[in-house]
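Inside the fold
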Amino acid sequence: MILRSLLLRQGRFALPRSTLIRPFRRYLASQIEETYTNPHQHQQFIAGADGDATKSQAATSLSAESEVLDNDPVALNYALQQHSKAVTGKIGSMVEPHYRPHELLSNPPSPKDITLELLMASQSHIGHSTSLWHPANAKYIFGVRGEDGHPIHIISLDVTAAHLRRACKVVSGVTERGGLVLFVGSREGQARCVVNAASMSKGCHLFTKWIPGTITNGQQILGKCKKKVVNHKDEEVKGFEDQLIQKAAVKPDLVVCLNPLENYVLLHECALNNIPTVGIVDTDVNPTWITYPIPANDDSLRCVQLIAGVLGRAGQEGQAVRRELALTGQLPARQDHGLEPPAEQETDERNSRDKEHGRNLLQAGDV
Amino acid sequence: MITRRLLRPASAFASSGWTCTACARASIISQTRIPQQQKRAHHVPPLTYDETFTRAGIPGLLSPHGYLIAWSDYQESLVNKLNELTAGEPIEHAQTKDLAIQFARDPMSASLFNHASMAHNNHFFFSTLAPVPLSLEKVPSLKQSLCNTFGTIDTLKATMLDTAATMFGPGYVWLVWARNLDNAPVGGSSKSRGSWRILTTYLAGTPYPEAGYRQQGIDANNQNAHSYNDYMKATPPVGMFGAHSKSGQEQAKMPPGGTQVLPVLCVNTWEHVWLRDYGINGKRKYLADWWGVIDWGLVEQKTPTEASHPVEFIRS
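Since this is a predicted model, take the numbers as computed values, not measurements.

Procedures and definitions
- Residues numbered from 1 in each chain as written.
- Chains lettered and ligands numbered in written order.
- Predicted model: local features only at pLDDT ≥ 70, side-chain atom pairs only at ≥ 80, totals over all residues.
- Heavy atoms only, no water.
- Helix = DSSP H or I, 4+ residues; strand = E, 2+ residues; numbered from the N terminus.
- Buried < 20%, exposed > 50% of the residue type's maximum accessible area, 1.4 Å probe, protein only.
- Contact = heavy atoms within 4.5 Å.
- Areas by Shrake-Rupley, 256 points an atom, 1.4 Å probe, with all protein chains shown as cover.
- Axes fitted to C-alpha atoms, helices over the stretch in contact; angles between N-to-C directions.
- Parallel < 35°, antiparallel > 145°, perpendicular 65-115°, else oblique.
- Polar contact = N/O pair within 3.5 Å; in protein donor to acceptor, adjacent residues only side chain to side chain.
- pLDDT = per-residue confidence, 0-100.
- Buried area = accessible area lost by both parts, 1.4 Å probe.
- Salt bridge = Lys/Arg side-chain N within 4 Å of Asp/Glu carboxyl O.
- Nonpolar A, V, L, I, M, F, W, Y, C, P; charged D, E, K, R; others polar.
- UniProt positions renumbered as here; feature names shortened; annotations may be inferred.
- Expected span 1.5 Å × (residues − 1).
- Phe/Tyr/Trp six-rings, centres within 6.5 Å; stacked < 30°, edge-to-face > 60°.
- Pairing = 2+ DSSP bridges.

1. Regarding the overall build of chain B
Helices and strands together make up the secondary structure of chain B, namely 14 helices and four strands. Considering chain B as a whole, with its 316 residues, one finds that 44% of them fall into the buried category. In chain B, the proportion of contacts linking residues at least 24 apart, taken out of those at least 6 apart, comes to 69%. As displayed, chain B has an accessible area near 17,100 Å², and 56% of this comes from carbon and sulfur atoms.

Spelled out as structure tokens, the structure:
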């Protein structure tokens with residue numbers, strides 16, 4: 001829901017004029033007014049969350065980036081090729097900005113680029129046949145179109161935009177507070193956008209079948225997964241291995257599902273475990289399965305990649321905010337992990353024991 | 001014959017189902033309207049100093065009317081033709097260089113190649129000119145690099161201008177940085193893998209070796225079959241298999257003798273550029289004036305890093 005700012009109520013000239021330079025993604029867009037900002041957005045929801053709750057030890061430095069040799073022929077060739085492309089690639093005529101499919105994956109739009117024109121161009125207003133609809137979606141539907149006895153429902157794009165912006169706020173809010181987002185999209189062609197979105201949000205991805213019981217029976221299915229402890233700067237902290245053996249696999253704090261019809265088991269498990277879900281709700285999908293539905297077309301790959309890209313960007317923005325806050329000492333991340341700080345004299349013994357036994361733990365995600 | 005297809009059927013323009021008998025007798029052509037280009041993919045690219053040039057011409061080279069002919073009007077006609085040729089097709093958003101490379105070997109798309117390559121070359125020519133050009137003395141790294149290949153700057157100037165003056169017919173003369181054909185580094189250092197070269201392209205030929213079949217570097221009217229074959233195939237075929245064999249050369253994406261080439265400077269010798277300001281006999285004077293208005297700072301921006309590093313002199 002978009003609330004009008006008080007400024008607008010005073011008169012339409014109270015708002016400053018928008019700048020004439022429009023970025024490419026808003027080239028054909030209609031103007032939007034200010035959106036609602038939550039005055040409680042900085043509230044800490046976990047009691048006792050403060051800067052002293054986690055004890056972070058000295059972290060090992062990250063591996064240095066590979067050095068590019070000055071006289072490496074491959075590097076020289078690549079540099080010449082890139083320079084040539086930059087210098088001569090665009091000479092000749094000015095080509096108008098246009099849609100390029102790979103850009104949805106290589107450079108997805110961010111929440112502020114959501115416009116009705118973009119949603120319509122991505123075919124997100126196209127619903128299913130009217131005979132296949134779920135009546136609970138009536139409030140998302142604009143109308144019926146189509147001839148020759150095959151009418152389809154059209155989804156209201158302003159409703160789609162509003163719900164998508166809300167979902168972006170949810171995703172960025174979760175990542176701001178150190179939550180884990182799981183992106184799921186098991187249809188063909190959705191793998192790449194799911195992986196992109198998860199890596200931008202520093203969450204998890206799934207593009208194959210959801211194994212029933214992964215959350216409800218997690219200790220069995222994910223029992224052998226590797227777990228690690230990270231500090232506020234996302235650097236791994238050693239010393240918790242013994243405590244982690246007993247710990248169950250982490251459950252996601254938010255699940256984003258791009259094809260809810262095929263993943264109803266996943267959504268049911270999330271509901272049983274109080275995990276909120278975000279999902280693309282087509283006209284034939286039951287919207288009650290999902291906490292934050294996004295009414296859109298789940299059959300168009302362009303639409304799905306757009307929504308996944310936008311949600312991934314929202315997660316990225318949340319991660320950036322969290323990193324900034326962590327560097328200044330404010331830690332909004334949840335602190336109810338129940339871990340004890342490891343005793344310091346046992347650290348060396350444990351390190352030497354690890355080297356002797358050479359434990360070989362499975363990586364998370366192996367089945 | 002290339003026919004231009006109507007973008008909308010004539011019936012769409014009828015405002016009502018009923019037309020009077022007089023209108024029904026009227027010719028179908030007067031009833032149909034070909035809509036104007038609603039969304040043009042290609043536009044004339046903006047030059048950095050376009051405003052100055054439109055007002056005062058290129059100081060020392062072209063008058064305002066000469067600039068209008070050579071750039072404003074001519075580039076617009078090229079861009080319009082490009083839009084016409086690519087409208088409604090998947091290639092309508094392709095850059096001119098990509099169009100030239102894609103259609104270099106397609107004689108059915110010769111017009112498209114010509115206009116794309118000409119638009120590219122013309123823009124390249126004007127992108128090295130400035131109202132207050134930077135002298136080559138102020139860019140010592142580039143000057144040193146050029147001297148390493150040509151000996152002195154006067155030699156470079158003489159070679160380029162004489163080549164351009166003796167070309168019979170319109171075209172371009174390019175100064176390019178080209179990698180050596182053999183991959184093995186000369187003299188043991190991997191930095192000296194290329195040198196400066198001067199290329200000619202007649203009419204709308206392109207300097208890029210990926211479109212080498214349309215480089216048009218020689219005047220075919222002055223050649224016989226042997227010399228033409230020698231020009232087209234720089235290396236004779238070797239062996240039965242592999243990249244250097246006859247079949248390998250035919251299948252290669254890049255024409256034989258092609259290597260990576262980066263143009264940094266060119267002079268446009270088409271008559272419509274200099275005819276108005278210099279007269280029919282003024283080609284040499286035009287070329288001499290052009291040398292004085294090159295902005296070597298802009299040329300240096302196009303030069304690759306490996307070229308402006310001091311390179312040891314290569315004897316080829």
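There's more to say after this.
2. Some words on the packing of helix H7 (residues 140–150) of chain B against helix H8 (residues 153–166) of chain B
All names here are of chain B. The geometry of H7 relative to H8 is characterised by a closest axis approach of 8 Å and an angle of 70° between their N-to-C directions. It follows from the interaxial angle that H7 and H8 lie roughly perpendicular. Contact residues: Lys143, Leu146, Cys147 and Phe150 in H7; Ile153, Thr155 and Leu156 in H8.

3. Quick word on the side chain of histidine 98 of chain A
Along the chain, histidine 98 of chain A falls in the loop between strand S1 (94–95) and helix H3 (103–106). A distance of 2.9 Å separates a polar side-chain atom of histidine 98 of chain A from the backbone oxygen of glutamate 96 of chain A. Discounting chain neighbours no more than four positions away, the residues touching histidine 98 of chain A are Phe24 of chain A together with His93 of chain B.

4. Observations concerning the confidence of the model for chain A
All names here are of chain A. Looking at chain A as a whole, the pLDDT averages 83, with 74% of positions reaching at least 70. This stretch, residues 5–9, has a pLDDT under 50; its non-local contacts, to residues over four places away or in other chains, come to six contacts. For residues 11–15, every residue scores under 50 in pLDDT, and the model assigns this stretch four contacts once sequence neighbours within four places are set aside.

5. Description of the interface of chain B and chain A
Counting residues at the interface gives 32 residues for chain B and 19 residues for chain A. For the pairing of chain B and chain A, the buried interface totals around 2,300 Å² over both sides, and the portion due to carbon and sulfur atoms is 57%. Summed over the three residues of chain B that lose the most area to chain A, namely His93, Gln95 and Gln260 of chain B, the buried surface amounts to 22% of that side. In this structure, the connection of chain B to chain A is made through zero salt bridges. The interface formed by chain B and chain A holds 14 residue pairs in polar contact (both at pLDDT 80 or more) in total. The element best represented in the side of chain B that touches chain A is helix H6 (residues 110–126) of chain B, accounting for four residues. A class-by-class count of the residues in the side of chain B that touches chain A yields 13 nonpolar, 12 polar and seven charged.

6. Regarding the UniProt feature "domain: Manganese/iron superoxide dismutase C-terminal" (unreviewed entry) in chain B
According to UniProt, the positions carrying the feature "domain: Manganese/iron superoxide dismutase C-terminal" (unreviewed entry) are residues 141–180 and 258–301 of chain B. The span residues 141–180 of chain B carries 60% helix and 22% strand; its end-to-end C-alpha distance comes to 21 Å.

7. A word on helix H10 (residues 301–327) of chain A
Between the first and last C-alpha of H10 of chain A there are 38 Å, a value that for 27 residues agrees with the 39 Å anticipated at 1.5 Å per step. Positive backbone phi, approximately 105°, marks glycine 329 of chain A, located one or two places after H10 of chain A.

8. Comments concerning the packing of aromatic side chains
Residues and elements named next belong to chain B. Within the structure shown, the criterion is met by 13 aromatic pairs over all chains. Ring geometry for tryptophan 290 against tryptophan 291: centres 6.0 Å apart, planes inclined by 70°, an arrangement best described as edge-to-face. The class for tryptophan 290 is buried, based on a relative accessible area of 0%. A connected cluster of aromatic rings, assembled from ring pairs, spans Tyr49, Phe53, Tyr67, Trp71, Phe125 and Phe126.

9. Digging into the pairing of strand S3 (residues 141–145) of chain A
Residues and elements named next belong to chain A. Here S3 pairs with strand S4 (residues 152–155) via four bridges, running antiparallel. When the sheet's bridge partners are listed, glycine 143 is paired in S4 with isoleucine 154. Connecting S3 to the antiparallel partner S4 that follows it, the hairpin turn spans six residues, and glycine 146 within it adopts a positive phi of roughly 125°.

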